[in-house]
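# Fold and contact review
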Amino acid sequence: MSESSAGAVAGDVMAVAAATAPGWRRAGVAGAAIGVLAAGAAAGVAVERLTVGRGMRKKARLALDATGPYGSLRGTPGRAVADDGTELYYEVDEVEPAQPEDRTGSDGNRRRRLFGRKAPAPVTVVFSHGYCLGQDSWHFQRAALRGLVRAVYWDQRSHGRSERGRAQADGVAVGIDQLGRDLKAVIDAAAPEGRIVLVGHSMGGMTMMALADQYPALIRDRVAAVAFVGTSSGKLGEVNFGLPVAGVRAVRRVLPGVLRALGTQAELVEKGRRATADLFAGLIKRYSFSSRDVDPAVARFAERLIESTPIDVVAEFYPAFTEHDKSGALPAFRDVPVLILAGEKDLVTPSSHSEAIADVLPEAELILVPDAGHLVMLEHPETVTDRLADLLVRGGAVAAANVGEHGSTAQQPGR
């Protein structure tokens, strides 16, 4: 990003902040400055968006929101209670009776991965989502596996439909260990018996590591297989987010303090977020995807997921990542099939972090997906679902598998 491009973006952001309420001006300018630093190479995308009429952009977002049923899948709801009393929302998709014939789409192409008869022992697949996301981030995998395996999808505390962390409301910092205990509460409520498969993206993978660190007997006695998607076992404080050295240093120095300040003025900050929605849409796309041809409706779906996370939640979770170090918990997974999958161009949890996990788990299957960013399960859903399905077979969750297609995020003609 050139200095002139950064200056142009900064000017646009500052102008938006200055045009809003006086109270927002102080917090908004600081937040916008951080946004500019974080933008990096996304600045060009943001500037291009800012050249389009605001009314036209709003209409386009509404049209994209109505495109496709992304995030519309629902299961049987339930609630688990964490050790601090926080209610954690989850949904269960049960197994449908096995069908002898292939299920095909109207065009004759197989639309989902089909499994054989359900394995004799009950197995539940538990999906844990990432930071600033929710259970709906697994939309494509859920659609492909729906009715074929028993699956639990849950919202981490303060995310999605789960309750705001009660301990955090009392000023207690949230940590990855707390998330591990939350996952244990969900398992106890939604899958108290039988074997389980753990699948986690980003923060969700860290949550699984924290579970293993605190409950090694659970991993030993009940876990049949594990999938780490775009995650890290530690050293996240060294990630450069694709920025030049000077930008990284500036972000690391001021971002924690700025987030704390913004978290205390949540209502004003949310107004500023809406005012600068187009700039931050460019940032979200930059740090979520790598492919140029991602379906705009999928990109907008990712925006909605991230935008739904309040700024005070963003602020209170952020410090946990620099403190996260669970490499010592990874050996607990050595005796089960493990899938480690990441986008080669992930700027948030770089693929080198997945390789580091594989160094500790040499028997694991390591898949680095070309032309994929942090939200690889939305960007390349077929690849992720294929590898997950094979893992479920290796873990004994299903008896057999036939490979097929389900969904695509490539931009469709005429869309």
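Residues numbered from 1 in each chain as written. Predicted model: local features only at pLDDT ≥ 70, side-chain atom pairs only at ≥ 80, totals over all residues. Heavy atoms only, no water.

### Concerning the overall build of the chain
Rule in force here: Think of it this way: any DSSP run of H or I at least four residues long counts as a helix, any run of E at least two long counts as a strand, and we number them from the N terminus. Note on exposure labels: buried denotes an accessible area under 20% of the residue type's maximum, exposed denotes more than 50%, and partly exposed covers the range between, all computed with a 1.4 Å probe on protein chains only. We call two residues in contact when some of their heavy atoms are within 4.5 Å. Accessible areas in this description were obtained via Shrake-Rupley with a 1.4 Å probe; residue shielding takes into account the shown protein chains only.
Helix and strand counts for the chain come out as 17 helices and 10 strands. For the chain, the residues scored as buried account for 52% of the 415 residues in total. When contacts within the chain are restricted to residue pairs at least 6 apart in sequence, those whose partners lie at least 24 apart make up 81%. Put simply, the chain shows about 17600 Å² of open surface, and 53% of that area lies on carbon and sulfur atoms.

### With respect to the packing of aromatic side chains
Aromatic ring pairs are defined here through the distance separating the ring centres and the angle between the ring planes. Inclusion rule: Note on aromatic contacts: the rings of Phe and Tyr and the six-membered ring of Trp form a pair at centre separations within 6.5 Å, being stacked when their planes are under 30 degrees apart, edge-to-face when over 60 apart, and tilted otherwise.
Taken as a whole, this structure holds 7 aromatic pairs when the rule is applied. Between the aromatic rings of Phe127 and Tyr153, the centroid separation amounts to 4.7 Å while the plane-to-plane angle is 15°, which identifies the pairing as stacked. Placement of Phe127 in strand 4 (residues 123-128) and of Tyr153 in strand 5 (residues 150-154) is noted, with a sequence separation of 26 residues between them. Across the pair, Tyr153 and Phe127 agree in class, each one buried. Here the aromatic rings of Phe228 and Phe333 are separated by 5.4 Å at their centres, their planes lie at 80°, and the arrangement is edge-to-face.

### A short note on the pattern of salt bridges
Cut-off, in case you're wondering: Any carboxyl oxygen of Asp or Glu within 4 Å of a side-chain nitrogen of Lys or Arg constitutes a salt bridge here.
Tallying each qualifying case throughout the model produces 21 salt bridges. Note that Arg166 is salt-bridged to Glu163, the shortest N-O span being 2.9 Å. Assessed through its relative accessible area of 26%, Glu163 is described here as partly exposed. Connected through salt bridges with shared partners, the residues Arg74, Glu91, Asp93, Asp136, Arg142 and Arg146 form a single ionic network.

### Considering the nonpolar core
Convention followed: Here, the term nonpolar core denotes a set of buried Ala, Val, Leu, Ile, Met, Phe, Trp, Tyr and Cys residues that are joined through side-chain atoms within 4.5 Å.
Phe127, Val197, Val199, Phe289, Leu378 and Leu392 are the most contacted members of the largest nonpolar core, which has 44 residues in total. Of all hydrophobic cores here, the second largest spans 35 residues; its members include Ala185, Ala191, Phe228 and Ile357.

### So, unusual backbone geometry
Phi at Cys132 takes a positive value of approximately 65°, unusual for a residue other than glycine. With respect to the element layout, Cys132 can be found in the loop between strand 4 and helix 5 (139-145). Positive phi, normally seen in glycine, also occurs at Asp371, with a value near 55°. For Asp371, the location among the structural elements is in the loop between strand 9 (365-369) and helix 16 (376-379).

### Here we look at the confidence of the model for the chain
Worth spelling out the cut-off: pLDDT is a residue-level measure of predictor confidence that goes from 0 to 100.
On average, residues of the chain score 78 in pLDDT, and 65% of them reach the 70 mark or higher. Scored below 50 in pLDDT, residues 102-114 makes 38 contacts in the model with residues more than four places away or belonging to other chains. Confidence drops under pLDDT 50 across residues 402-415; counting only partners more than four residues distant or on other chains, this segment forms 41 contacts.

### Brief notes about the pairing of strand 1 (residues 76-81)
Note the following rule: Think of it this way: DSSP has to see at least two bridges between two strands before they count as a pair.
Examined bridge by bridge, strand 1 and strand 2 (residues 87-93) share 6 bridges and lie antiparallel to one another. Looking at the pairing, Arg79 lines up with Tyr89 of strand 2. Linkage of strand 1 to strand 2, two consecutive antiparallel strands, is achieved through a turn of 5 residues, within which Gly85 is found at a positive phi near 90°.

### Quick word on the sheet that holds strand 2
Rules: Axes here mean lines fitted to C-alpha atoms, for a helix over just the part in contact, with angles spanning 0 to 180 degrees between N-to-C directions.
Strand order in the open sheet made by the 8 strands is 1-2-5-4-6-7-8-9, with mixed pairing throughout. Where the open sheet ends on each side, the last strands, each with one partner, are strand 1 and strand 9. This sheet shows a mean twist of 20° between the axes of neighbouring strands, independent of strand direction. In this structure, strand 2 lies alongside strand 5, joined through 4 bridges in antiparallel fashion. Within strand 5, the position partnered with Asp93 by the bridge is Ala151. Sheet contacts for helix 7 (residues 176-190): strand 1, strand 2, strand 4, strand 5 and strand 6 (195-201); angle to strand 5, the most-contacted strand, approximately 140°. Contacts between helix 17 (residues 381-394) and the sheet are confined to strand 4, strand 6, strand 7 (223-229), strand 8 (338-343) and strand 9, with strand 8 contributing the most and set at about 170° to the helix.

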